[in-house]
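This is what each chain is made of:
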Amino acid sequence: MDLPRPGGGNWSIVTKTSSFTAPKGIPDYVPPASAEFVAVRDGLVRAARLAGYGHVELPVFEDTALFARGVGESTDVVTKEMYTFADRGERSVTLRPEGTAGVMRAVIEHGLDRGQLPVKLCYSGPFFRYERPQAGRYRQLQQVGVEAIGVDDPALDAEVIAVADAGFRSLGLEGFRLEITSLGDETCRPQYRELLQEFLFALPLDEDTRRRAEINPLRVLDDKRKEVRALTAGAPLMLDHLSDSAKAHFEQVLGHLDALGVPYVINPRMVRGLDYYTKTTFEFVHDGLGAQSGIGGGGRYDGLMAELGGQPLSGIGFGLGVDRTMLALQAEGKAAGEPARVDVFGVPLGEAAMARLVVLAAELRAAGIRVDLAYGGRGVKGAMKAADRSGAAFALVLGDRDLADEQVGLKDLGSGDQRQIPLAEVVAQVSAALAGQR
Ligand code: HAM
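Keep in mind the model is a prediction, meaning the values are calculated, not measured. (Residues numbered from 1 in each chain as written. Predicted model: local features only at pLDDT ≥ 70, side-chain atom pairs only at ≥ 80, totals over all residues. Heavy atoms only, no water.)

Pulling in residues and values, what's your account of the overall build of the chain?
Within the chain, the regular secondary structure consists of 16 helices and 18 strands. On C-alpha atoms alone, the chain measures out to a radius of gyration of 28 Å, which is more than a quarter above the 22 Å that the 2.2 N^0.38 rule sets for 438 residues. Here the chain holds 438 residues, and 48% of them are scored as buried. Of the roughly 21500 Å² that the chain leaves accessible, carbon and sulfur atoms contribute 53%. (Helix = DSSP H or I, 4+ residues; strand = E, 2+ residues; numbered from the N terminus. Rg over C-alpha atoms; globule rule 2.2 N^0.38 Å. Buried < 20%, exposed > 50% of the residue type's maximum accessible area, 1.4 Å probe, protein only. Areas by Shrake-Rupley, 256 points an atom, 1.4 Å probe, with all protein chains shown as cover.)

Residues and numbers for the site of the ligand, please.
Of all residues adjacent to the ligand, which total 27 residues, the nearest are Glu98, Glu131, Arg272, Tyr277 and Gly294. For the ligand, a nitrogen atom lies 3.5 Å from a polar atom in the backbone of glycine 136. With respect to the ligand, the side chain of arginine 324 contributes an N or O atom lying 3.4 Å from a nitrogen atom. Taking 660 Å² as the accessible area of the ligand by itself, protein coverage stands at 95%. Those elements that provide at least two residues to the shell around the ligand are strand E8 (140–149), strand E12 (294–300) and strand E13 (315–321). In terms of residues, the shell around the ligand owes the most to one element, E12, which gives six residues. Residues that form the shell around the ligand fall into these classes: nine nonpolar, eleven polar and seven charged. (Near = heavy atom within 4 Å. Polar contact = N/O pair within 3.5 Å; in protein donor to acceptor, adjacent residues only side chain to side chain. Nonpolar A, V, L, I, M, F, W, Y, C, P; charged D, E, K, R; others polar.)

Talk me through empty space enclosed by the protein; I want residue IDs and the actual numbers.
Tallied over the entire structure, the rule returns two cavities of 30 Å³ or more. Here the largest cavity is characterised by a volume of approximately 100 Å³. Taken together, 14 residues make up the lining of the largest cavity; nearest its centre are Leu58, Pro59, Arg96, Gly99 and Phe127. When contributions to the lining of the largest cavity are tallied by element, the ones reaching two or more residues are helix H4 (100–109) and strand E7 (119–128). By residue number, the principal contributor to the lining of the largest cavity is E7, which donates three residues. Partitioned by chemical class, the residues of the lining of the largest cavity number seven nonpolar, three polar and four charged. Put simply, the second largest cavity is a space of about 40 Å³. Lining the second largest cavity are Thr181, Ser182, Leu183, Tyr192, Leu218, Leu221, Leu237, Met238, Pro268 and Met270. (1 Å grid on protein atoms, 1.4 Å probe; cavity = no way out; pocket = protein on both sides within 12 Å on 5 of 7 lines; lining within 4 Å. Points joined across faces, edges and corners; volume = space filled by probe spheres on them.)

An account of the sheet that holds strand E5 (residues 84–86) is needed here, citing residue identities and associated values.
With respect to topology, three strands assemble into an open sheet ordered E4-E6-E5, the strand pairing being antiparallel. Two strands in the sheet have a free side with no partner beyond their single neighbour: strand E4 (61–63) and E5. On average, each strand axis in the sheet is inclined to that of its neighbour by 35 degrees, with strand direction left out of account. Bridge analysis of E4 against strand E6 (residues 92–95) gives three bridges, and the strand direction is antiparallel. Within the sheet, the bridge partner assigned to phenylalanine 61 lies in E6 and is leucine 95. Those strands touched by helix H2 (residues 64–71) are E4, E5 and E6, and its axis lies near 80 degrees from that of E4. (Pairing = 2+ DSSP bridges. Axes fitted to C-alpha atoms, helices over the stretch in contact; angles between N-to-C directions. Contact = heavy atoms within 4.5 Å.)

Give a description of the layout of surface pockets that names residues and reports values.
Of the volumes computed, that of the second largest pocket is approximately 440 Å³. In this structure, the second largest pocket is lined by 25 residues; those nearest its centre are Leu183, Arg189, Leu218, Asp275 and Tyr277. Those elements that provide at least two residues to the lining of the second largest pocket are helix H6 (188–201), helix H8 (217–220) and strand E11 (278–286). Top contributing element to the lining of the second largest pocket by residue count: H6, with five residues. For the lining of the second largest pocket, the per-class residue count stands at eleven nonpolar, four polar and ten charged.

With reference to specific residues and values, describe the domain arrangement of the chain.
Taken domain by domain, the chain holds domain 1 (32–187 + 243–332) and domain 2 (344–433). Between the C-alpha centres of domain 1 and domain 2 the distance comes to 48 Å. (Domains from an automatic or database assignment.)

Requested: an account of the pattern of salt bridges, with residues and values cited.
Enumeration according to the criterion identifies 26 salt bridges in this entry. Note that glutamate 338 is salt-bridged to arginine 341, the shortest N-O span being 3.0 Å. By relative accessible area, which is 49% here, glutamate 338 ends up partly exposed. Among the charged side chains, a salt-bridge network with shared partners connects Asp152, Asp157, Lys279, Arg300 and Asp302. (Salt bridge = Lys/Arg side-chain N within 4 Å of Asp/Glu carboxyl O.)

Tell me about the UniProt feature "domain: Aminoacyl-transfer RNA synthetases class-II family profile" (unreviewed entry) in the chain, and name the residues and values.
Residues annotated in UniProt with the feature "domain: Aminoacyl-transfer RNA synthetases class-II family profile" (unreviewed entry) correspond here to residues 39–339. Secondary structure within residues 39–339 divides into 38% helix and 21% strand; the distance between the first and last C-alpha atoms comes to 10 Å. (UniProt positions renumbered as here; feature names shortened; annotations may be inferred.)

Describe a positive patch on the surface, listing the residues and the values that go with them.
Together, Arg378, Lys381, Lys385 and Arg389 make up a positively charged patch on the protein surface. Tracing the backbone through its elements, the reader meets lysine 381 in helix H14 (residues 380–389). With a relative accessible area of 74%, lysine 381 lands in the exposed category. (Patch = residues over 30% accessible without salt bridge, like charges linked within 9 Å, V, L, I, M, F, W, Y side chains within 5 Å. Lys, Arg positive; Asp, Glu negative; His and termini not counted. Charge placed at Lys NZ, Arg CZ, Asp CG, Glu CD.)

Give me a nonpolar patch on the surface: which residues, what numbers.
On the surface, Val358, Val359 and Tyr375 cluster together to form a nonpolar patch covering roughly 260 Å² of accessible area. Examined against the element boundaries, valine 359 turns out to sit in helix H13 (residues 351–366).

Which residues make up the environment of alanine 393, and what values go with them?
Take alanine 393: it is sitting in the loop between H14 and strand E16 (394–398). The residues contacting alanine 393, other than those within four sequence positions of it, are Val342, Asp343, Lys411, Asp412, Leu413, Gly414, Leu434 and Gln437.

Pulling in residues and values, what's your account of the pairing of E7?
The two faces of a sheet get side chains in turn, since along a regular strand they alternate between them. Of all the ten residues making up E7, eight are buried; the element is thus mostly covered by neighbouring parts of the structure. Where strand E3 (residues 54–55) lies against E7, two bridges are found, and the strand directions are parallel. Paired with glycine 54 across the two strands is leucine 121, which belongs to E7. Bridge analysis of E7 against E8 gives ten bridges, and the strand direction is antiparallel. Its bridge partner lying in E8, leucine 121 is registered against glutamate 147.

Have a look at this one:
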């Protein structure tokens, strides 16, 4: 089968295949592991809610130019990893590789920056990067993020960091560390950039690396090759060249973190994959994950809003990796979340019983009780097995004779005890029985 391709030509779609698999490098989360996914995502979001961050739900694709300008044209994310395509109206759109640029766009578009500041927003969902898949590195990755826009206050930096730290800890995660640095401000950064370039241009670098030094010299400090690392070991560091105000800001952030009891290590060589960072910049690193050790990261981005056509307002935020946090919990041998289970399982013995149990189940659910039934006309043995597997505390066993007596059997699946209760009192009796077990 051929499908018209935007911009001309055809996609050739192979329709005769025996089975499908998820696209390469993209994890599916199915029960029971999906319960862990939900617990991690919701746990991280809860920490943000406790600090007053309001939910934003944004498009998963945007104008390509938003990311090129927002994330930075010299980054790997923009040059190599974006899922960019022309839509049927010939517009270039890109699946969001990260959340901050889209949040800025929405804040400007909806005029949130003209109301109470800081604007504090929280989001969660999928992001897309065409990276080489490996353990913990996916092409569809899930993040929980926050952005606090419009106030340049070290206490706000500390809040953002403390929220991330509290989010991880609320899940029981322990083996991570917070690395932090300052990338300077608009006064000291350009001077430092020149100083670093001067240092780099004096080194015997290959063509590609030299070019990188011209576009974004900081990125050369992030080069993983041993020989380049050795050459740049004595490079000047931003932290030693901060302006007085950037230095004071950084020291105050650290002071707040000390007071909050949030442990950190200063990493003056930290290089983030996105270009918008200024001043406070941080990463959460977990050693149980191998090469892909970053479970979250963020920082200030004081020039981003103006760069995207808005007011010159400051901002700070983080993105926490849900997938990697799950892997980190597994590495620590900890489980988050409870697999989906019900409180009560209905066992019908015959069609009339089934019809009655369908209605009873709806009544119990309306009262907030989790209920499932043995569907498919299974025999009593199979149905009781299903009841045991469901994790339910009780089974409701209903046969024809019970129906005639307006009774139903309430079986405690833990002890095996069974007693008859009036059908008219099922909701009240089951509620009481469940309360008695808690
Ligand atoms: P980021 O450091 O690019 O920052 O991503 C944040 C987190 O997302 C990473 O620490 C990692 O846990 C997870 N992550 C990134 N790429 C992958 C991948 N390929 N597979 C699995 N997990 C991944 C940002 O995206 C910024 N928008 C964060 C931010 C918000 N800064 C300020 N505000």
